[in-house]
Amino acid sequence: MAAVSQLQRQFVDYTTSLYNEEYLDDQFTQLQKLQDESNPDFVVEVVSLFFEDSEKLLNNLATALQQTSVDYKQVDSHVHQFKGSSSSIGAKRVTNVCVHFRNFCEEKNLDGCLRCLQQVKHEYILVRTKLEALFRLEQQILQAGGSVPVME
C-alpha cells in the first residue's frame, strides 16, 4: 500500500503544479466533478476529443495563414473555436494565447498571427503532454488498487 500512497501523493503534487503553473484552471476541476462510477472515463474521453479537435484546428489555422490572401475572418473563427474548446477543459494557457491571437486577427496582422500560431501550438503540446502524464498516473494508481485523489 506504500506504493499506492506514494503514487497518490505524486498525483496530488503533479496536479497542484498544473494549476500553480496555470496549465489548468477551475474548469478542469468542474470537469472532474462530472465524472463518477457510471462514467469513470468521462474526463479522459472529453480531453481526448479536445486533442482530436485541436489537431484539426491547428492544421486548419496553419493552412489558412499560408494562403496568399489570408481570410482573417476564417482564421478568427478557427481561433474562436479553439479558444472555446480549450476553455471548456480548463487549458488556461492555450485559452490565453487564443485571446491574443484573436486580437491579431482583428488587426489583420499576419506576423502577429503567425507568432501566435507557433505559441498556441507550443502551449497545446505542453498541456497535452502534461494531461497525458496525469492520466497515466491515474491509471497507475488504479492498477495498484488505489483510488484517485479528488482535488478541490
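Residues numbered from 1 in each chain as written. Predicted model: local features only at pLDDT ≥ 70, side-chain atom pairs only at ≥ 80, totals over all residues. Heavy atoms only, no water.

You'll find the protein entered in an unreviewed UniProt entry as Histidine-containing phosphotransfer protein, with Deinandra increscens subsp. villosa given as the organism. Among the UniProt annotations of the protein, the heading Function (unreviewed entry) holds the following wording: "Functions as a two-component phosphorelay mediators between cytokinin sensor histidine kinases and response regulators (B-type ARRs). Plays an important role in propagating cytokinin signal transduction." (UniProt positions renumbered as here; feature names shortened; annotations may be inferred.)

Caption draft 1: Expanded view of the UniProt feature "domain: HPt" (unreviewed entry) in the protein. Per the UniProt entry, the sites bearing "domain: HPt" (unreviewed entry) are residues 39–134 in this numbering. Its end C-alpha atoms 18 Å apart, residues 39–134 is made of 86% helix and 0% strand. (Helix = DSSP H or I, 4+ residues; strand = E, 2+ residues; numbered from the N terminus.)

Caption draft 2: Here's a closer look at helix α4 (residues 72–89). For α4, built from 18 residues, the straight-helix expectation of 26 Å at 1.5 Å per residue is met to within 8% by its first-to-last C-alpha distance of 26 Å. Taken residue by residue, α4 has Tyr72, Val75, Asp76, His78, Val79, Phe82, Ser85, Ser86 and Ile89 as its buried positions. Buried residues along α4 sit against α2 (26–33), α3 (42–65), α5 (92–107) and α6 (110–143). Where α4 begins, the side chain of Asp71 points an oxygen toward the backbone nitrogen of Lys73, at a separation of 3.1 Å. In the segment just after α4, Gly90 is the residue with positive phi, at about 85°. (Expected span 1.5 Å × (residues − 1). Buried < 20%, exposed > 50% of the residue type's maximum accessible area, 1.4 Å probe, protein only. Contact = heavy atoms within 4.5 Å. Polar contact = N/O pair within 3.5 Å; in protein donor to acceptor, adjacent residues only side chain to side chain.)

Caption draft 3: Just the packing of α4 against α5, in detail. Two elements in contact, α4 and α5, have axes separated by 9 Å at closest approach and are oriented at 165°. Considering the angle they form, α4 stands roughly antiparallel to α5. By crossing handedness, the relation of α4 to α5 is classed as left-handed. Across the interface between the two elements, Tyr72, Val75, Asp76, Val79, His80, Phe82, Lys83, Ser86 and Ser87 of α4 pack against Val94, Thr95, Cys98, Val99, Phe101, Arg102 and Cys105 of α5. (Axes fitted to C-alpha atoms, helices over the stretch in contact; angles between N-to-C directions. Parallel < 35°, antiparallel > 145°, perpendicular 65-115°, else oblique. Left-handed = near helix turned anticlockwise from the far one by under 90°.)

Caption draft 4: View of the side chain of Thr29. Along the chain, the position of Thr29 falls in helix α2. On the accessibility criterion, Thr29 (9% relative accessible area) is buried. In this view, Thr29 contacts Tyr19 and Met151; residues no more than four positions away in its chain are not counted.

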